[in-house]
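Survey of secondary and tertiary structure
For reference, the chains in residue letters:
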Amino acid sequence: MFILYFEILAISFLFGAGIGSFINAVAYRVNLKKDYIKSRSACPKCGHILGFWDLIPIFSFLFLRGRCRYCKERISPQYIIIELISAVVFCAYFYFVGISQIFNFSTVNFIHLLYSITFIGIFLYIALYDYLYYEISDKLVIVSSLITLLYFVILLILHVIPFGLILSNLFVGILAFLFFFGVILITRGKGMGGGDMKLAFLIGFIFGYPASIFALFIAFLIGSVVGLLLVSLKIKSMKSMIPFGPFLSCGVVLYIIFYQYLQHLVYTIFFI
Ligand SMILES: [Zn+2]
């Protein structure tokens, strides 16, 4: 049992690193408007097509000491940082949630696992892309909403959730959207953009009440602490833009991993 436990965590770490590597590649190619499925990875400096040994997440970077094998140009540490974050996030997810779902195997648990893994990946991608390019893709938010709707419909057919839940989550999504719309109107778009508003809808739709409020609360909390820290350390000024997408994603991922612990807390706060 213990050996299996360790193996699952090791595999989830490597799996997470692989997802991180994929996210890096997709973000880079989407920004350059390249085909992100067909085009092959190449060094941005010398254009040399990268081989299998250059593309192993985390290890290639360490082995090559952060330089291109062909032209010796420095590779941005962004790549290994994202791979490590993704590896740790997936490892934590399997440690706190995934393993118990694997050991208590059922159709519902399997669908839930698949859905959670997909959405951790999507939110990590949204965070990275917004951090790098200050943009949240409308298409991705729409596709994510449709996947979530499909997930709810499957759970409805399996009699896991009532129909009312889908409607109430939709309502919470619209409220979250309007709340962000209000914040943008009041702050005149200094803090947040339209992308955050659509992302707030997605979060509200996925988590419903009261969970989404908690995910959004974590996002605002981390966002303000990091924002104040960056301003006080003079890394950013009060006027400079700090994208909010990474904080929203952070709130979501933390909630997905720790929901068992947070749910209890949420209910004590909201239903006392
Ligand atoms: Zn190169």
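These numbers come from a predicted model, not from an experiment.

When its secondary structure is counted, the protein chain shows nine helices and zero strands. Mapped from its N terminus to its C terminus, the protein chain presents α and β elements in the order α-α-α-α-α-α-α-α-α. Scaling as 2.2 N^0.38, a compact globule of 272 residues should have a C-alpha radius of gyration of about 19 Å, and the protein chain matches this with 20 Å. The dimensions of the protein chain, computed from C-alpha atoms along their principal axes, are 60 × 55 × 35 Å. Every one of the 272 residues in the protein chain was classed for burial, and the buried ones make up 30%. Counting contacts in the protein chain only where the partners sit at least 6 residues apart, residues at least 24 apart contribute 71% of the total.

Because an α-helix packs 3.6 residues into every turn, residues spaced three or four apart end up facing the same way. Given a rise of 1.5 Å per residue, 14 residues ought to cover 20 Å, and the 20 Å separating the end C-alpha atoms of helix α7 (residues 194-207) matches this to within 8%. Summarising burial for α7: 13 of the 14 residues are buried, a large majority. In the stretch just after α7, Gly208 is the one whose phi turns positive, near 65°.

To continue, consider the nonpolar core. In terms of nonpolar packing, the biggest core is built from 51 residues, with Ala200, Ile203 and Ala215 touching the most fellow members. Listed by contribution, the elements that provide at least two residues to this core are α1 (2-31), α3 (78-103), α4 (107-133), α6 (163-187), α7, α8 (211-232) and α9 (245-270). For this core, the element with the most residues is α7, which contributes nine residues. With residues up to four places along the chain from it excluded, the contact list for Ala200 reads Ala176, Phe177, Phe179, Phe180 and Leu216.

The interhelical angle for the contact between α3 and α4, taken along N-to-C directions, is 160°, at an axis separation of 11 Å. Taken together, the axes of α3 and α4 lie roughly antiparallel to each other. Where α3 crosses over α4, the handedness of that crossing is right-handed. For the pair formed by α3 and α4, the contact residues are Ile82, Ser86, Val89, Phe90, Tyr93, Gly98 and Gln101 on the first element and Asn109, His112, Leu113, Ser116, Ile120, Leu124 and Leu128 on the second.

Bringing helix α5 (residues 138-157) into the picture now. Over its 20 residues, α5 extends 29 Å from the first C-alpha to the last, a length consistent with the 28 Å expected when each residue adds 1.5 Å. Inspection of α5 places Ser144, Thr148 and Phe152 among the buried residues, and these make up the whole buried set. For α5, the buried positions fall inside an angular range of 80° around the axis, keeping them on one side. Away from its buried face by more than 90 degrees, α5 exposes Lys139, Ile142, Val143, Leu146, Leu150 and Ile157.

We now examine the environment of Val97. On the secondary structure map, Val97 appears in helix α3. The class of Val97 is partly exposed, set by 18 C-beta atoms lying within 10 Å. Separated by 159 residues in the primary sequence, Val97 and Ile256 place their C-alpha atoms 8.5 Å from one another.

What follows is about the domain arrangement of the protein chain. Segmenting the protein chain into domains produces domain 1 (1-89) and domain 2 (106-272). Between the C-alpha centres of domain 1 and domain 2 there is a distance of 26 Å. Listed per partner, the contact involves eight residues of domain 1 and nine residues of domain 2. At the level of secondary structure, the elements contributing two or more residues to the side of domain 1 that touches domain 2 comprise α1 and α3. Here the side of domain 1 that touches domain 2 gets five residues from one element, more than from any other, and that element is α1.

Bringing the packing of α7 against α8 into the picture now. Look at α7 against α8: their axes get within 7 Å of each other, and the N-to-C directions meet at 140°. Relative to α8, the element α7 lies oblique. On α8, the residues that touch Ala200, Ile203, Gly204 and Phe207 of α7 are Ala211, Ser212, Ala215 and Leu216. Looking at the contact of α7 with α8 residue by residue, the classes come out as six nonpolar, two polar and no charged.

By secondary structure assignment, the location of Ser212 is in helix α8. Those residues within four positions of Ser212 in sequence are excluded, and the remaining contacts are Val172, Ala176, Ile203, Gly204 and Phe207.

This paragraph deals with unusual backbone geometry. Cis geometry is adopted by the peptide bond preceding Pro210, which originates at Tyr209 and carries an omega value of 0°. Mapped onto the elements, Pro210 comes out in the loop between α7 and α8. Notably, Ile58 is not glycine yet its phi reads approximately 60°, a positive angle. On the secondary structure map, Ile58 appears in the loop between α1 and α2 (59-63). Backbone geometry at Tyr134 places phi at a positive 55°, although glycine is not the residue there. Among the secondary structure elements, Tyr134 is positioned in the loop between α4 and α5.

Definitions and cut-offs
Sequence positions are assigned chain by chain, starting from 1 and proceeding in written order. Residue-level local features of this predicted model are given only where pLDDT is at least 70; pairs of side-chain atoms are given and counted only at 80 or more, and the full residue set underlies all totals for whole chains, interfaces and linings. Secondary structure elements follow DSSP: runs of H or I no shorter than four residues count as helices, runs of E no shorter than two count as strands, and numbering proceeds from the N terminus. We compute the radius of gyration over the C-alpha atoms and compare it with the globule rule, which gives 2.2 Å times the number of residues raised to the power 0.38. Using C-beta atoms placed from the backbone, we call a residue buried if 20 or more other C-beta atoms fall within 10 Å of its own, exposed if 12 or fewer do, and partly exposed for counts in between. Contact between residues is assigned whenever the C-beta positions, reconstructed from backbone atoms, fall within 7 Å. What a helix is expected to span follows from its residue count: subtract one and scale by 1.5 Å. Buried Ala, Val, Leu, Ile, Met, Phe, Trp, Tyr and Cys residues whose C-beta atoms connect them within 7 Å together make up a nonpolar core. Helix axes are fitted only over the stretch in contact, all axes being lines through C-alpha atoms; the angle between N-to-C directions runs from 0 to 180 degrees. Put simply, angles under 35 degrees are roughly parallel, angles over 145 are roughly antiparallel, angles from 65 to 115 are roughly perpendicular, and the rest are oblique. The hand of a helix crossing depends on one turn: near helix anticlockwise from the far one by less than a right angle means left-handed, and clockwise means right-handed. Read the arc as the range of directions from the helix axis to the C-beta atoms. Domain ranges listed in this record stem from an automatic or a database domain assignment. The nonpolar class holds Ala, Val, Leu, Ile, Met, Phe, Trp, Tyr, Cys and Pro. Asp, Glu, Lys and Arg form the charged class, and all remaining residues, Gly among them, are polar.

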